[in-house]
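These are the residues of each chain, in order.
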Amino acid sequence: MNGSWRFFCVGLMLLVASFSLAEAAETPVVTAQSSAESVEGKSLADRDKPAKDNSRQETVDQRLKLKDPIKSFGDNGFCNNCHEDETPAIFEEWVKSPHAKAGVGCADCHTSPPGNPDSVKHAGRFHISAIVTPFVCAKCHEDQIRDYVSSGHAKGLQSLLDMKEDDPRYPVIAQYKDDDFARCGGCHGVTVGVDAENKPDAATWPNSGAGRINPNKSHGTCSSCHLGHSFSLQAARQPETCLRCHDGDNYPEGDIYRHSAHSTVYETIGKGIVQDRPGLFLRGKDIVAPTCAYCHMNGAGKGLLNRHNQAWRLPRDLTSPNAPLLGRSENLRNNMKAVCNQCHGESFTERFFSDADKQLTAYQEKNVEPQLAEFLKKLSTVTGDERQVILKEYSQFLAEAKRYRMNLYMGRHGRMQR
Ligand code: HEC
Ligand code: HEC
Ligand code: HEC
Ligand code: HEC
Ligand code: HEC
Ligand code: HEC
Ligand code: HEC
Ligand code: HEC
């Protein structure tokens, strides 16, 4: 596929993705059991069955033992020939991965046709890239990519670059704008560049920040959560996968979760029995306590779909100082309630959210709105050192307010820092 085709396809995918998010949000996902069946091409019941046999693994082992892996594996066989020794850890991880079992190898993900900005001639005959963009995965994982391209994660860097001056957060982030937020790139992603030989530029890669901008202009990277070459679901489902970014002074999710009843139960009872099973997990007898990925992504039970865009279950943007409601918020809230109701009684869930909503409204009106106005007024007049002092206070205020809001929905009401 040549360069311009790629751009065209990415554009098309973005269009399709934003359209389908808007459209499907009209129908709560709770009722989407039938579309789950058509989307996945398998019935929910089938997806929930653990794979009984390991025949696929045996086939791979046998094929790898063949005298001529190249004949049986094509280009992937050539790669294996060298890489079994050159990068033994990567090879080992890959051999055990669902990809090897399905016959998907190095060349399938790393081939990069000549003409691509990051295409390098390798081992004298192949054109490869070390950088693997979501575009590559899209060839085989359509459902995930459809969700992912319009997600906050994929836009993690662009949303900072695009932030308007009238956003109350602008005065704080403006300080980091000069180098396009490179200093924030570990989590938000950087703009990945290539050197004169088309190899990744050392100043910008390796990077697995959420919304990194790739040399082919695609956004994001699946490896922010699918680290390494195991592509293990069990690994992706662990809270630690998310805590790599969702933790720290300005990012209270980690603290809130770790001190929640959910985390306690998960750490003490649940951790040992999370499975690497595709499709649904923790269903029926396995259900213990939710992790980040369980509430925000997993499609466990009762008609929920696995999601690669967290926005499907978020009725408002709690990260923004004004905590605005998002389109069709009632449906989006219902999606999240459907998650809670897998384990809790409906009235328990209703009480929890109605109290959280009530507290949120009061907190925003009494604390956030007046202080926000005051800070913004001050910031519009002061300069120099004085401005720096106020900016620092303002930034702390924003972080604290975000912590308060998130604690209402993911923590324990009445457990605030002081
Ligand atoms: C003749 C041996 C050989 C073959 C065949 C081979 N490689 Fe490599 N490859 C190497 C060596 C040696 C390195 C480490 C040196 C380097 O990083 O350039 C490497 C590095 C790489 C890297 C990392 C490059 C970087 O810039 O970090 C990737 C990705 C890669 N190979 C993929 C592949 C793929 C895909 C194939 C099959 C299409 C393949 N290789 C075939 C020997 C080989
Ligand atoms: C399912 C897709 C997939 C397959 C199959 C795959 N890789 Fe990768 N590989 C990736 C992704 C994703 C990255 C991260 C790249 C990035 O950050 O853009 C990566 C990164 C790498 C790197 C650079 C990172 C490092 O630790 O050096 C090397 C080398 C590499 N792969 C080699 C291989 C080899 C060898 C094989 C076959 C045994 C292979 N890959 C199979 C997706 C794949
Ligand atoms: C050439 C096709 C192909 C490409 C390219 C590809 N995959 Fe896969 N992937 C598969 C197949 C086939 C499976 C096995 C699915 C199954 O058994 O249901 C799989 C399995 C997976 C799984 C595990 C799912 C499970 O059910 O255990 C993850 C996660 C995954 N892929 C992520 C990725 C990511 C991320 C990329 C890009 C870096 C990628 N894949 C690229 C074909 C591909
Ligand atoms: C440790 C990883 C990490 C680093 C480093 C990081 N961010 Fe974030 N950022 C996140 C996560 C995760 C979110 C979404 C969750 C949240 O807001 O709590 C986020 C959200 C944001 C938001 C929207 C929510 C808010 O708090 O206003 C802004 C603005 C932001 N980041 C700016 C920055 C800037 C500017 C930098 C660099 C100075 C930076 N971030 C560095 C992880 C990080
Ligand atoms: C925010 C972290 C995150 C990112 C980014 C991410 N994934 Fe996932 N992925 C997960 C988690 C968690 C699961 C397991 C969901 C569950 O509980 O079943 C998963 C599951 C999967 C599966 C198995 C089927 C399914 O939908 O559950 C595939 C395939 C997959 N991811 C591919 C991708 C691809 C392709 C990308 C990039 C376009 C990507 N993922 C980006 C976290 C992520
Ligand atoms: C590589 C860093 C990184 C990892 C890993 C990561 N996130 Fe994020 N996440 C971010 C950033 C950055 C944002 C803010 C994006 C933006 O600008 O809106 C974000 C935003 C979010 C949001 C807010 C809604 C949205 O769509 O913006 C949720 C919910 C979320 N992440 C959940 C998760 C979960 C669950 C996991 C683990 C399965 C995870 N994240 C892993 C960096 C990360
Ligand atoms: C028990 C389910 C549950 C668990 C576990 C959970 N969350 Fe949440 N999360 C929620 C709910 C509910 C909201 C607020 C939704 C609303 O506004 O109704 C939320 C909000 C968020 C937000 C703010 C998104 C926005 O744009 O407003 C982020 C970011 C987030 N969660 C990340 C995480 C991370 C990271 C973890 C793990 C450390 C995690 N969550 C664990 C249920 C959960
Ligand atoms: C996978 C099962 C599971 C899911 C999903 C789940 N919870 Fe829980 N939750 C538990 C368990 C187990 C406990 C601890 C025992 C108890 O208090 O019932 C708990 C406890 C709680 C508590 C009591 C905390 C305390 O401090 O006393 C609240 C509130 C709560 N959950 C709210 C929610 C909300 C809201 C959701 C959805 C956003 C949710 N839960 C999703 C299993 C779950």
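Just so we're clear, the structure is a prediction, and the values are computed from it rather than from any experiment.

Caption draft 1: Region of interest: the site of ligand 5. The immediate surroundings of ligand 5 are formed by 20 residues, with C137, C222, C225, A293 and N298 found nearest. When residues of the shell around ligand 5 are traced back to their parent elements, those giving at least two are α10 (134–138), α11 (142–148) and α15 (233–237). When its residues are assigned to classes, the shell around ligand 5 shows 11 nonpolar, 8 polar and 1 charged. Structurally, the shell around ligand 5 is a two-domain feature, drawing no fewer than three residues from each of domain 1 (10–15 + 66–224) and domain 2 (235–410).

Caption draft 2: Representation of the confidence of the model for the chain within the structure. When pLDDT is averaged along the chain, the result is 84, and 78% of the positions lie at 70 or above. Low pLDDT, under 50, characterises residues 1–57; the stretch is placed with 66 contacts to residues that sit more than four places away or in other chains.

Caption draft 3: Local environment of the nonpolar core. With 15 residues, the main nonpolar core has C242, C292, A293, L304 and V339 as its most contacted residues. Elements represented by at least two residues in this core include exactly α17 (253–258), α19 (292–296) and α20 (329–340). Setting aside chain neighbours within four positions, we find C242 in contact with C292 and A293. Counting residues in hydrophobic clusters, the runner-up holds 6 residues, among them I131, L157, V190 and V192.

Caption draft 4: Spotlight on the site of ligand 7. In the vicinity of ligand 7, 24 residues are found, and the nearest of them are H246, Y257, C292, C295 and L318. At the level of secondary structure, the elements contributing two or more residues to the shell around ligand 7 comprise α16 (239–243), α17, α19, α20 and α22 (384–410). Looking at the shell around ligand 7 residue by residue, the class counts come to 14 nonpolar, 6 polar and 4 charged.

Caption draft 5: The environment of R415, seen in detail. Take R415: it is sitting in the segment after α22. With 11 residues separating them along the chain, R415 and Y404 place their C-alpha atoms 9.3 Å apart.

Caption draft 6: Broad picture of the packing of helix α6 (residues 75–86) against helix α7 (residues 88–95). As a packed pair, α6 and α7 sit with axes 6 Å apart at the nearest point and diverge in direction by 120°. Considering the angle they form, α6 stands oblique to α7. Facing α6, whose interface residues are N80, H83, E84 and D85, α7 presents P88, I90 and F91. A per-class count over the contact of α6 with α7 returns 3 nonpolar, 2 polar and 2 charged.

Rules used throughout
- Residue positions within a chain follow its written sequence, with the count starting from 1.
- Here every chain gets a letter starting at A, and every ligand a number starting at 1, in the order they are written.
- With the structure being a predicted model, the display of local features is reserved for residues of pLDDT at least 70 and the display and counting of side-chain atom pairs for 80 or more, all residues being used for whole-chain, interface and lining totals.
- The criterion for a residue being near a molecule or strand is simple: its C-beta atom, placed using the backbone, must lie within 6 Å of it.
- Only DSSP runs of H or I with at least four residues qualify as helices, and only runs of E with at least two residues qualify as strands; both kinds are numbered from the N terminus onward.
- Gly is put with the polar residues, along with every residue not named as nonpolar or charged; the nonpolar set is Ala, Val, Leu, Ile, Met, Phe, Trp, Tyr, Cys and Pro, and the charged set is Asp, Glu, Lys and Arg.
- Each domain's limits were defined by an automated method or a database of domain assignments.
- pLDDT runs from 0 to 100 and stands for how confident the predictor is about each residue.
- Residues are defined as contacting one another if the C-beta atoms placed from their backbone atoms lie within 7 Å.
- For the purposes of this analysis, a nonpolar core is taken to be any set of buried Ala, Val, Leu, Ile, Met, Phe, Trp, Tyr and Cys residues that are connected through C-beta atoms within 7 Å.
- Labels follow a simple rule on C-beta atoms placed from the backbone: if 20 or more others lie within 10 Å of a residue's own, it is buried; if 12 or fewer, it is exposed; otherwise it is partly exposed.
- Lines are fitted to the C-alpha atoms to define the axes, a helix being fitted only along its stretch in contact, and any angle between axes, read from their N-to-C directions, falls within 0 to 180 degrees.
- Each angle is binned into one of four classes, with values under 35 degrees roughly parallel, values over 145 roughly antiparallel, values of 65 to 115 roughly perpendicular, and all other values oblique.

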